[in-house]
Amino acid sequence: MEDYELVALLRKRASLLTTTTTTTTTTTSTRREQLKIIPGEPALCSPRRWQKHGVLFVTYTNSTLVNLYAGGMSADDLYRRYYGRAPPNRDSALSPWEIEME
């Protein structure tokens, strides 16, 4: 669900940005955001799950899990629902977004 959190944070940030407006008497401009491409290897995604289960099933499952997460279901409960087993033990109860990078 890290990707869901990232998109939610980006949407929130975008909604807080004001736009540039120009009228006949005044011009209001704001600081522009810039996109920075981080160098490195691209992320890869395997199509196996889509090929094995089909587009409709995988799309339905993903949508269901996102809605459950947005409704407050914990990451551990989502893991149990998706994989059908208990989640692995972790060193920290914090999510990757909450752990401070060193």
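Residues numbered from 1 in each chain as written. Predicted model: local features only at pLDDT ≥ 70, side-chain atom pairs only at ≥ 80, totals over all residues. Heavy atoms only, no water.

Enquirer: Where do I start with the overall build of the chain in this structure?
Expert: Looking only at helices and strands, the chain has four helices and two strands in total. Along the chain, from the amino end to the carboxyl end, the secondary structure elements read α-β-β-α-α-α. Taken across its 102 residues, the chain has 5% of its residues classed as buried. Contacts in the chain between residues at least 24 apart in sequence constitute 29% of all its contacts with a sequence separation of at least 6. (Helix = DSSP H or I, 4+ residues; strand = E, 2+ residues; numbered from the N terminus. Buried < 20%, exposed > 50% of the residue type's maximum accessible area, 1.4 Å probe, protein only. Contact = heavy atoms within 4.5 Å.)

Enquirer: When you look at the packing of aromatic side chains in this model, what are you seeing that I'm missing?
Expert: Each aromatic ring pair is summarised here by two numbers: the centre-to-centre distance and the angle between the ring planes. Under the counting rule described, the total for this entry stands at three aromatic pairs. Between Tyr79 and Tyr83 the ring centres are 4.5 Å apart and the planes differ by 40 degrees, which places this aromatic pair in the tilted class. Note that Tyr79 and Tyr83 are positioned in helix H4 (residues 75-83) at a spacing of four residues, about one turn of the helix. With a relative accessible area of 43%, Tyr83 lands in the partly exposed category. Cluster of aromatic residues (ring-pair linked, three or more members): Tyr79, Tyr82 and Tyr83. (Phe/Tyr/Trp six-rings, centres within 6.5 Å; stacked < 30°, edge-to-face > 60°.)

Enquirer: Could you clarify how one ought to interpret the environment of Leu68 in this entry?
Expert: Take Leu68: it is sitting in helix H3 (residues 55-70). Relative accessible area serves as the criterion here: at 26%, Leu68 is assigned to the partly exposed category. Put simply, Leu68 and Leu78 are ten residues apart on the chain and 7.8 Å apart in space, counted from C-alpha to C-alpha. Ignoring sequence-local partners within four residues, the contact set of Leu68 consists of Met73, Leu78 and Arg81.

Enquirer: Got a minute to help me understand the pattern of salt bridges in this structure?
Expert: Close approach of charged atoms allows side chains of opposite charge to pair. If you walk through the whole model with that rule in mind, you get one salt bridge. Across the salt bridge formed by Arg80 and Asp77, the nearest N and O atoms sit 2.8 Å from each other. With Arg80 and Asp77 both in helix H4 and three residues apart, this pair spans about one turn of that helix. Residue classification places Asp77 among the partly exposed residues on the basis of a relative accessible area of 37%. (Salt bridge = Lys/Arg side-chain N within 4 Å of Asp/Glu carboxyl O.)

Enquirer: It is not clear to me how the side chain of Thr61 should be interpreted in this structure. Could you clarify?
Expert: Checked against the element boundaries, Thr61 lands in helix H3. Among the polar contacts made by the side chain of Thr61, one reaches the main-chain carbonyl oxygen of Phe57 at a distance of 2.8 Å. (Polar contact = N/O pair within 3.5 Å; in protein donor to acceptor, adjacent residues only side chain to side chain.)

Enquirer: What should I look at first to understand H3 in this one?
Expert: In an α-helix there are 3.6 residues to a turn, and that puts residues three or four apart on one side. Here H3 is 16 residues long and its end C-alpha atoms lie 22 Å apart, about the 22 Å a rise of 1.5 Å per residue gives. Within H3, burial applies to Val58, Thr61 and Leu65. Each buried residue of H3 lies within a common arc of 65 degrees when the element is viewed along its axis, so the set occupies one face. Summarising the geometry of H3, the exposed residues directed more than 90 degrees from the buried face are Val55, Leu56, Tyr60 and Asn67. Packing partners of the buried residues in H3 comprise helix H2 (48-53) and H4. Trailing H3 by a residue or two, Gly72 shows a phi angle of about 110 degrees, which is positive. (Expected span 1.5 Å × (residues − 1). Arc of directions from axis to C-beta.)

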